[in-house]
Structure formats: C-alpha cells, structure tokens
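Report on the structure
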Amino acid sequence: MKLVPTIGEMKALSSSWRKDGETIGFVPTMGYLHEGHLSLVRESVKQCSKTVVSIFVNPTQFGPGEDFERYPRDTERDLGLLEPLGVDAVFIPEVKEFYPEGYQTYVEVTEITNRLCGLSRPGHFRGVTTVCCKLFNIVSPHKAFFGKKDFQQFTVLKRMVDDLAMDLEIVPMPIVREPDGLAMSSRNTYLSPKEREAALCLSKSLKEAQRLFSSGERDANKIREAVKKIIESEPLAEIDYVSVCDPYSFDEVDKVERGTLVALAVKIGPARLIDNTQLGVDEI
Ligand code: AMP
C-alpha cells in the first residue's frame, strides 16, 4: 500500500495504471474510518483492479462555526485499517497544496443543493462538488464509491458527473449501522454515553416510517408527524429537518410510494447527525 502525499505523484501513479489497462476504483473519505467507509473500500477492491482511498478533511465543505477544527483525525489508525483490505494507494494531500493561495475555482450543482442539508449548511455542497471534481481529476478513477448515509451528497455528485459528462461511474452503497441501528459516522465519537443512547431516536423513527409504509400508510404527512413525534420525545434531540421527499428532486411529497425518501438531520449535544431510508426499499 503506497502513501501518496502530493497531487503530482498521485496523477503519475494513476496515469501509469491507466496505461497498463488497470481499472481504478476510488473511495474519497475524511478519515477516522469505520465499517461504513471500509464497506466501500471492500466493494472497490472487489470491482476494480486498483483501489485508491483519499483521506482529506476538506475545509471548503465546512461552514463558519462548524466542526472543521475538531473533526476527529487519526491517520495511523486509518492506515492500519486499510492495509489488510488490499488498498493500492492512500492519497493524503495537504490543504495548502490542494487549495494554494490564489485558488478561486468552484463547481456548483444548483437546484437539488437548495434542499435538506443544503438549507442548513449553506455552501456545504459547493465544497463537496469542488473537492470531488478536483479529486476525480487527480485520481482519474473509473468508479467512485459513495455511501447512501449521505444520500443527498451521492445524488448531487451523480448530477455533477452526468451534467459535466465526466468519465466515471458513481456507485452508491448501503448504509452500515451499529447493531442497535445507529448509522455509523465519524461524528458519533462526539457523543457522550447518554447522547449515544439518545441518538437511537433517529433510526427508531425511520423504522417506524418503514413500519407505517408496509402496513399501507401512504399519507406523507402522517409519516412525517410519526417520525417527528419519536424524535421530539427524546429530550436531548433537536430536529434540524425531517423530510419525506422525492429521492431525485428532494421536493416534499403529499403521497408516499415505494422509494420515497425519509431523511433526517438531528442535533444531539455537540453532534449534528443525519440518517435516511427509502420506503419499501431499505431494511433498518
Ligand atoms: P466521510 O468520511 O464522512 O466524508 O465519508 C466518506 C464516505 O463514506 C462517504 O461516501 C460516506 O457516505 C460514506 N459513509 C460514511 N458513513 C457511512 C455509513 N454508515 N455507511 C455507508 N457509507 C458511509
């Protein structure tokens, strides 16, 4: 497993692989890896002859007052988790090389970023599309793997790749959860034991949405209210949004159908947690 610290070295490695006819799989991450990240890496290793993982806490996707500074970092531990999976290269660029003085180019997907997390985190998706566009140019992957834990992020990136005719496939992967249902996230490390317990209200409420759907409920408002009620009954939880929406446009719906997205952002103590499920499609 090669450690690649500069853009030039990463480009050279990818282009030599491309010349040799290798298929390059790419898993972009912000590090502090858990089973959710590793599931993407395993799939890339399965589908592609070379796998690159990037570790980069991207400053442009954090707003003022968000957790960029305190975001957990432990590269040694991350490398120890990646090594046994058969990863070929880990790209760990430095902020000052990635965004040098004078940097002024951004990529923006417009409409679907004005919904859900885009409303509570202005500029967030502009940072995500910009960093991924640049990473795709550097790593030159045939396939890039993204978790549906960040469902809107995956959709926004797919839109960018389609709209700009970029030559790669975006592969969505299922949400990996703890045994008690909590969606895995690097941000779960912010939670005290009490908050960790309270955080279960997210997956519990999504489970209830699935139960209502499978028992025949089709009124979106009834599902929205049932989800809110479960989260509001948890004193440590503060709702950012509860959305029952179309999984492509993220417009709120009145009637739900198979595939309708139920998406949540909830603050629990110092952590803003997100989770989602597609009705009649996902298992929780
Ligand atoms: P991050 O390091 O949080 O930027 O995440 C890197 C990638 O891992 C993104 O594609 C995420 O959607 C994905 N990911 C994070 N948590 C999970 C999870 N619990 N299950 C599946 N994928 C995940």
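Residues numbered from 1 in each chain as written. Predicted model: local features only at pLDDT ≥ 70, side-chain atom pairs only at ≥ 80, totals over all residues. Heavy atoms only, no water.

**Looking at the overall build of the protein chain**
Regarding its fold elements, the protein chain presents ten helices and nine strands. Computed over the C-alpha atoms, the radius of gyration of the protein chain is 19 Å, within 12% of the 19 Å expected from 2.2 N^0.38 for a compact globule of 284 residues. The principal-axis extents of the C-alpha atoms in the protein chain amount to approximately 55 × 40 × 40 Å. Taking all 284 residues of the protein chain together, 54% fall into the buried category. Taken as a whole, the protein chain presents about 13400 Å² of accessible surface, with 49% of it coming from carbon and sulfur. Within the protein chain, one finds 36 positive and 43 negative side-chain charges whose respective centroids are separated by 2 Å. (Helix = DSSP H or I, 4+ residues; strand = E, 2+ residues; numbered from the N terminus. Rg over C-alpha atoms; globule rule 2.2 N^0.38 Å. Buried < 20%, exposed > 50% of the residue type's maximum accessible area, 1.4 Å probe, protein only. Areas by Shrake-Rupley, 256 points an atom, 1.4 Å probe, with all protein chains shown as cover. Lys, Arg positive; Asp, Glu negative; His and termini not counted. Charge placed at Lys NZ, Arg CZ, Asp CG, Glu CD.)

**Some remarks on the site of the ligand**
The environment of the ligand is made up of 17 residues, and the closest members are Met-30, His-37, Asp-150, Val-176 and Met-184. The contact in question runs from a nitrogen atom of the ligand to an N or O atom on the backbone of Met-184, over 2.9 Å. Of all the elements in the fold, those that place two or more residues in the shell around the ligand are β2 (24–29), α2 (35–47) and β5 (143–147). Among the elements that make up the shell around the ligand, the one with the highest residue count is α2 (three residues). Its residues placed into classes, the shell around the ligand shows nine nonpolar, six polar and two charged. (Near = heavy atom within 4 Å. Polar contact = N/O pair within 3.5 Å; in protein donor to acceptor, adjacent residues only side chain to side chain. Nonpolar A, V, L, I, M, F, W, Y, C, P; charged D, E, K, R; others polar.)

**Quick word on the sheet that holds β5**
In space, the six strands of this open sheet follow the order β1-β4-β3-β2-β5-β6, with parallel pairing throughout. Edge positions in the sheet fall to β1 (2–4) and β6 (169–173), since each has one partner strand and no second. On average, each strand axis in the sheet is inclined to that of its neighbour by 25 degrees, with strand direction left out of account. Pairing of β2 with strand β3 (residues 50–55) involves six bridges; the strand directions are parallel. Counterpart to Phe-26 in the pairing with β3 is Val-52. Most of the contacts of α2 go to β5, to which it runs at about 155 degrees, and overall it touches β2, β3, β5 and β6. Sheet contacts for helix α3 (residues 75–82): β1, β3 and β4 (89–91); angle to β3, the most-contacted strand, approximately 165 degrees. (Pairing = 2+ DSSP bridges. Axes fitted to C-alpha atoms, helices over the stretch in contact; angles between N-to-C directions. Contact = heavy atoms within 4.5 Å.)

**So, the sheet that holds strand β7 (residues 237–245)**
Within a beta sheet, neighbouring strands are joined by backbone hydrogen bonds and run either parallel or antiparallel to one another. One open sheet accounts for three strands, arranged β7-β8-β9; its pairing is antiparallel. In the strand order of this sheet, the two ends are held by β7 and β9 (271–278), each with one partner. Ignoring strand direction, the axes of neighbouring strands in this sheet form an average angle of 10 degrees. Relative to β9, strand β8 (residues 261–268) runs antiparallel, the two sharing eight bridges. Across the sheet, the residue bridging to Val-266 is Leu-273, located in β9. Contacting β7, β8 and β9, helix α9 (residues 200–214) runs over the sheet at an angle of about 20 degrees to β9.

**Some details on the packing of α9 against helix α10 (residues 220–232)**
Packing of α9 against α10 brings their axes to within 9 Å, and their N-to-C directions diverge by 150 degrees. Between α9 and α10, the crossing angle belongs to the class labelled roughly antiparallel. When you trace α9 past α10, the crossing you get is right-handed. Contacts between α9 and α10 involve Cys-201, Lys-204, Ser-205, Glu-208, Ala-209 and Leu-212 on the former and, on the latter, Ile-223, Ala-226, Val-227, Ile-230 and Ile-231. Among the residues forming the contact of α9 with α10, the class breakdown is eight nonpolar, one polar and two charged. (Parallel < 35°, antiparallel > 145°, perpendicular 65-115°, else oblique. Left-handed = near helix turned anticlockwise from the far one by under 90°.)

**Here we look at the layout of surface pockets**
Here the second largest pocket is characterised by a volume of approximately 230 Å³. Lining the second largest pocket, in full, are Ile-112, Phe-151, Phe-154, Thr-155, Lys-158, Arg-159, Asp-162, Pro-247, Tyr-248 and Gln-278. Top element by residues in the lining of the second largest pocket is helix α7 (residues 151–163). It accounts for six residues. A per-class count over the lining of the second largest pocket returns five nonpolar, two polar and three charged. (1 Å grid on protein atoms, 1.4 Å probe; cavity = no way out; pocket = protein on both sides within 12 Å on 5 of 7 lines; lining within 4 Å. Points joined across faces, edges and corners; volume = space filled by probe spheres on them.)

**Some details on the side chain of Arg-121**
The residue Arg-121 is located in the loop between α5 (117–120) and α6 (124–139) in this model. Assessed through its relative accessible area of 10%, Arg-121 is described here as buried. Side-chain polar atoms of Arg-121 contact the backbone oxygen of Gln-61, separated by 3.5 Å. Those residues in contact with Arg-121, other than ones at most four positions away along the chain, are Gln-61, Phe-62, Glu-66, Arg-187 and Arg-272.

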